[in-house]
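# Results of the structural survey
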Amino acid sequence: MDLGQINPLLLLASLMVAATPILLAAIGEAVVEKSGVLNLGVEGMMITGAVVGFAIGVTTGAPSIGFVAAAVAGAALSMLFGVLVLYLKSNQVATGLGLTLFGLGLSALIGKPYEGIKAPTMAKWEIPLLSDIPVLGPIMFRHDPMVYVSLIIVALTWYVLTRTRAGLILRGVGENHNAAHALGYKVIRVRLMAIAFGGACAGMGGAYISLVRVPQWVEGMTAGAGWIALAIVVFASWRPWRVLLGAYLFGGISVLQLNLQAAGVPIPVEILAMSPYLITILVLVVISLRGNHGAPGSLGREFHATH
Amino acid sequence: MRVLKSLLATAALATGLAGAAMAEDKTKVGFIYVGPVGDGGWTYEHDQGRKAVEAAFGDKVETVYVESVSESNAEGPITQMALSGADLIFTTSFGFMDATLAVAEKFPNVKFEHATGYKQSDNVSVYSARFYEGRAVQGHIAGKMTQSNIIGYIASFPIPEVIRGINSAYIHAKKVNPDVQFKIIWAYTWFDPAKEADAAKALIEQGADVILQHTDSTAPQAAAKEAGNVITFGQASDMGEYAPHPRVSSIIDNWGPYYVARTKAVMDGTWESVSTWDGIGAGMVGIGDISDAVPADVKAEAEALRDALASGEYHAFTGPLNKQDGTPWLAEGETASDYGDDGLAGMGFYVEGIEAEIPSN
């Protein structure tokens, strides 16, 4: 064993890369759930974003266009869910699961011609001056643009949810849709917008896996990341900065356990391998023991407009 | 996730069955896959084998498959396939072993073939390829080409097949480079591109400049390509899209001839439960083209090693070899036996020199 072989700078840098897909998906889902809708289709929207982002990125040669396309595709798929759940009043859990299955199948179909093709590389942004700071510079400021975009999205989400009227309305709709409706707010419209935002974020998260992290298209490549994102939303008690913390914690442990294995740390591999999941479960238990989960009051409940 | 996978599997099976109902006199051959057919590795090659069966028998045969079947939940899909009238079913992952035997007991008239396992019965054959012969060639090239003397190995599950591969690669790397060190990461998955990419990156960050993988996706190849000065080998499939660098060679599984022969045996009524374990010589293991990134002399040596393994003139596990704890395993000139205590089939130990522990399975 030689812990000196683990370079903490590289570890932190790869932590940010490993965490970005789940961070994007989780922040989107947090907004959806804040509006009172539970969308279990995150995995399906991610994988669809992964394949569409990859396909468009390869075709145009520009990963940035791929990310935009992935966001559009994720949002489009989420609208299918939105219409079913909000207008046709279908069960949210079943519809969300259906969306995941649909997304997995659809992506496999779209992705067939793109198997074995290499992705265009995304240039890293070395932020001037900041990237030259010793120690911190290489960790924080030499990433691909999407890492920064994901952080900006978290900051904006926090600002909108807690500091603006729009955020107040969204939270109101999520806490008590009947009261919000009685006050004259358009519950369904607000929720549709939230669901579209969630879909767009999940799509970008998926595209980050296929365009940056892996980078190539492989069927089923999100491999459960959408479910982790869902857990992180609960872990974070629906708060944006805690979503960031949760995603980086999970990403960090996942990367750390691989590094510890490679360095030959004499901890049983099984324990290392399950540690990210174990810690997620532990934190969830601690949160639920405290009683106040912070879950939106109308989460998952069906809304019938009363006139 | 598991529930979802089996749901998916069932849905996929139902679709497969819908198109299958009309053909009664055809021989129906089923395949159970652990990953998607588009993984570019293990499952892809099994599916090539399935296509070879279709090509060989045309109208006389009908094939069905279910992909991405969970190893811990395989009985359902296998049972459904047997119920749907399959005459011969190939289950193509080690983890399907017990499920295959359990289902086979309920369907004595259906023939089963389980890949890489070791439990046989009257209607269950086992077949595997001597991938470790290919690992020997990889180890030789890796030992010659590494500059940092650190070779990274992405392992899947601690089962005999994977451990054999690590040992074989290590023995042959060590033979040509006494300073070589293996860093092993157990990914506990056959297929998870993001995790495989992370594992490859962790190994590269810790100084590895050769990555060997025993997982199924091409993600480690992409990670190595990005790093630039790292070489890799195609696993299960040629992964030629990453040639000539980082992928400098590959182990290619070639199941087609076996699948065709076994299907023929079912058609002729001559099928018997057998145990098949073929290597480079029989053509079940192929060594992919060694690219120009490898120096000519190393390439020539690797090809000579390949040919010696193919002809049987050299065995990949030839003594003197000790186990990791220093106890003697094979005496000078002695070769490992396939079965029995310390045999290759059930290999559960590292050879001397590897600094790591095998996780308990």
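In short, a report on the structure. Quick caveat: nothing in here was measured; it's all calculated off a predicted structure. (Residues numbered from 1 in each chain as written. Chains lettered and ligands numbered in written order. Predicted model: local features only at pLDDT ≥ 70, side-chain atom pairs only at ≥ 80, totals over all residues.)

## A word on the overall build of chain B
Keep this limit in mind: Labels follow the DSSP assignment, with helices taken as runs of H or I lasting at least four residues and strands as runs of E lasting at least two, numbered in each case from the N terminus. Exposure classes come from backbone-placed C-beta atoms, where a residue is buried if 20 or more other C-beta atoms lie within 10 Å of its own, exposed if 12 or fewer do, and partly exposed in between. For every residue pair, C-beta atoms are placed from the backbone, and the pair is scored as a contact if these atoms sit within 7 Å.
Within chain B, the regular secondary structure consists of 10 helices and 14 strands. The buried share of chain B, reckoned over its 361 residues, is 53%. Taking the intrachain contacts of chain B between residues at least 6 apart in sequence as the baseline, contacts between residues at least 24 apart amount to 67%.

## Concerning the overall build of chain A
We count it as follows: To get the radius of gyration, use the C-alpha atoms; to get the globule rule, take the number of residues to the power 0.38 and multiply by 2.2 Å.
When its secondary structure is counted, chain A shows 12 helices and 2 strands. Along its sequence from the N terminus, chain A presents helices and strands in the succession α-α-α-α-β-α-β-α-α-α-α-α-α-α. The C-alpha radius of gyration of chain A comes to 20 Å, within 12% of the 19 Å expected for a compact globule of 307 residues. Taken along its principal axes, the extent of the C-alpha atoms in chain A is 65 × 50 × 40 Å. The burial tally for chain A puts 50% of its 307 residues in the buried class. In chain A, 78% of the contacts between residues at least 6 apart in sequence involve partners at least 24 apart.

## Considerations on the environment of A:Lys124
All names here are of chain A. Considering the arrangement of structural elements, one finds Lys-124 in the loop between helix 4 (92-111) and strand 1 (125-126). Separated by 126 residues in the primary sequence, Lys-124 and Phe-250 have C-alpha atoms spaced 23 Å apart. The contacts of Lys-124, once residues within four sequence positions are left out, are Arg-142, His-143 and Asp-144.

## As for the environment of A:Ile56
Residues and elements named next belong to chain A. Assignment of secondary structure puts Ile-56 in helix 2 (residues 42-60). Distance from Ile-56 to Phe-67, taken between C-alpha atoms, is 8.5 Å for residues 11 residues apart in sequence. In contact with Ile-56, other than residues within four places in its own chain, are Ile-65, Gly-66 and Ala-69.

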